[in-house]
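So you can see what is in the structure, the chains are spelled out below.
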Amino acid sequence: MTSKSGPENHNNGKRLEGIRAYVKEVGSVGSTSALMGILAMVVGLVLIGTVSEAKTFGLAILILGAVVVSLAGIAARRAVTKSVTGRRGRYSANTLLMIISFLLLIGVLNFVFWENPNRWDVTSTRQFTLAPRTLDVLANLETPVSAIAFFDRNDVDQRPYLEDVDNLLREFAVRSNKFAYEVMDPDVEPNIAKQYGVTSPGQVAFFVNDSDSFDVAFGARYRGRNPQTGDAIFDANPSLEQDFVTPLLIVSGQEKKTAYFLTGHGERDVVDPTSDDGIFAAVNALTKENFDVRPLDLSQKKIVPRRTGDQPLEKDQVAPSLVIIAGPVKDLMDDEVDELTDFLEDGGRLLVLIDPGAPSSYIDFLSNWGVTVSKGNVIDEEDFLRPDTRVPFVTQHNTQNDITKGLERTYFPGVAAIQFDMASMPPVVVGGQILPQQNVIEISRTSSGSWLVDDLARSKPDSDLDRQGTFSTVVLVEDAFAPLDKSPKFIDPNSAIPASLVIIGDSDFVTNKHFDNASNGDLFLNSINYLTGDVSLINIRPKQVARREILATPNEFDVIRYTSWFVLPSLMALAGIGIWWVRR
């Protein structure tokens, strides 16, 4: 018995050592597997939270990690049980319980604040605080108003401008439960963009649900693409809040844009629908475009800038969004010229429909704004409304401008040539940039078979007396900081509002007889909508972004850098080691 017990005990001891080694190996593999599983779960959560395209892959990694951790726990259940029931396990359980409680508290608070949103502007210039007038407009919305910001979220060139627009529209939505918005790619939804007259990214359409009332503002103005790099070029809107409140006022019916027709100089009649020479049809179309149309007699009324906003007007004052001069036959008085000039110098908008042989005061007035109107009219022997060559068809339009983009042919029963010379335009300094004092752009021109004939009664050109060529019939003057006979005032690039004018060398095309023919009415309405597209109904000054930079020498900058890189982390590590040492 004794002799057998020795070898048997020896064998049993070997078996126990093998089992212990196996258990130790399993425990080591289990620990490694648990760590790998936890790492996989962390990677899966990161992918789900940050990479939208990899959510499915991240979920698969998360599930795989959870399975690996579970299997590792089963394989090392004794070690897990001992760790949980031991003194260290109890401390770990308490810590885990505190972490879970903290996360639950954060979740509850997040839910409460999400359901009851409040935002605090902690910038020194109150950069993100809406103006009191904006808050009043939002509070007075009686019907739900929606907005669509036409941007491509995936376009890196559009993201900086979309961020500003998105922030402002979100603030609108927070302040009023009757306002909602969405972001839409105009290339993905071209029919919706066309429905609201949106022709380029960066525009924002405001509208009343279940209504035809809408208005479009610029979140950022699209300028085309860089020919070298192909990158999209946008101009930021420095008056974003002001320009977004204006369409709110319009579509909600709180206020309208006003178009004033100049009277007292034999202009076209605006009230008689039966007269072929009147422009009642044009006025009626403007009214349908949500304009408030009124007459303007400069002998009785004084024009003040539209951006005076909420300041009450005197009885003899008007604040038009736009002034229209339609076919005058009598000269302007000197004080009327001064009145119109002051209006434009304050950033006014003016549409001039001027016929051949117009009074000299209008010719002189327009020459100060960069254009020359011919005394004669244009005859086109190639493209004209039969049988009169003095009624040219115009099909050559500036396709890069919103006034004539997509416009078909128009015709003008007796049209003057509009001439300009940008090469001789004096320069002006704006925001450190040298720009022309006025920027004149050709919008439409006649064919190469045209002649400029001084004798208005003649329908046949004379090669010895008349000049052949293509002639501008519609021009746009924008970014006009001052008339050419004056030096520009001090120009602040953040607040300067240059004038804009559209000059058309004919007023007959918009009369009741011709308004609905060809694209005549579209040209008239497009010109007005373009001119008033950035006219504001209220005054909200753009907020200045405060720039605070640390001015440091290279040595001081190195101290700041290495302190943040090494000193602070080292102090945190030492504090952790000290706490462990005390509690070990």
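First, a word on what this report is: a plain description of the structure on this page. (Residues numbered from 1 in each chain as written. Predicted model: local features only at pLDDT ≥ 70, side-chain atom pairs only at ≥ 80, totals over all residues. Heavy atoms only, no water.)

1. A closer look at the pairing of strand E5 (residues 220-225)
By the bridge criterion, five bridges tie E5 to strand E6 (residues 232-236) in an arrangement that is antiparallel. Within E6, the residue paired with arginine 225 across the bridge is alanine 232. Connecting E5 to the next strand, E6, in antiparallel fashion are six residues, including glycine 230 with a positive phi near 80°. (Pairing = 2+ DSSP bridges. Helix = DSSP H or I, 4+ residues; strand = E, 2+ residues; numbered from the N terminus.)

2. Here's the deal with helix H13 (residues 554-583)
The end-to-end C-alpha separation of H13 is 43 Å, in line with the 44 Å expected for 30 residues at 1.5 Å each. Of all the bends in H13, the greatest, near 45°, is centred on threonine 563. (Expected span 1.5 Å × (residues − 1). Bend = angle between axes of the 7 residues up to and from the residue.)

3. Side note on the environment of valine 371
Secondary-structure assignment places valine 371 in the loop between helix H11 (360-367) and strand E13 (372-373). The class of valine 371 is buried, set by a relative accessible area of 1%. Sequence separation between valine 371 and phenylalanine 420 is 49 residues; the distance between their C-alpha atoms is 4.8 Å. (Buried < 20%, exposed > 50% of the residue type's maximum accessible area, 1.4 Å probe, protein only.)

4. A word on the sheet that holds strand E14 (residues 377-380)
Strand order in the open sheet formed by three strands is E14-E22-E23, and the pairing between neighbours is antiparallel. Here the strands that pair on one side only, and so sit at the sheet edges, are E14 and strand E23 (467-469). Across the sheet, the axes of successive neighbouring strands diverge by a mean angle of 30°, strand direction being ignored. In the sheet, E14 pairs with strand E22 (residues 450-453) via four bridges, with the strands oriented antiparallel. Looking at the pairing, asparagine 377 lines up with valine 453 of E22. (Axes fitted to C-alpha atoms, helices over the stretch in contact; angles between N-to-C directions.)

5. Remarks on the packing of aromatic side chains
Enumeration over the complete set of coordinates arrives at 10 aromatic pairs. An angle of 40° between the planes, with centres 5.5 Å apart, marks the rings of tyrosine 161 and phenylalanine 234 as tilted. Of the two residues, tyrosine 161 is situated in helix H6 (residues 159-175) and phenylalanine 234 in strand E6; the sequence distance between them amounts to 73 residues. By relative accessible area, which is 7% here, phenylalanine 234 ends up buried. Taking NZ or CZ as reference, arginine 386 lies 4.0 Å from the ring centre of phenylalanine 384, over its face. (Phe/Tyr/Trp six-rings, centres within 6.5 Å; stacked < 30°, edge-to-face > 60°. Lys NZ or Arg CZ within 6 Å of the ring centre and 35° of its normal.)

6. Description of the packing of H6 against helix H8 (residues 240-251)
Two numbers describe how H6 lies on H8: the axes approach to 11 Å, and their chain directions differ by 50°. Here H6 lies oblique to H8, going by the angle between them. Handedness of the H6/H8 crossing: right-handed. Residues Asp164, Val165, Leu168, Leu169 and Phe172 of H6 touch H8, and the partners they reach there are Leu240, Glu241, Phe244, Val245 and Leu248. The class makeup of the residues in the contact of H6 with H8 is eight nonpolar, no polar and two charged. (Parallel < 35°, antiparallel > 145°, perpendicular 65-115°, else oblique. Left-handed = near helix turned anticlockwise from the far one by under 90°. Contact = heavy atoms within 4.5 Å. Nonpolar A, V, L, I, M, F, W, Y, C, P; charged D, E, K, R; others polar.)

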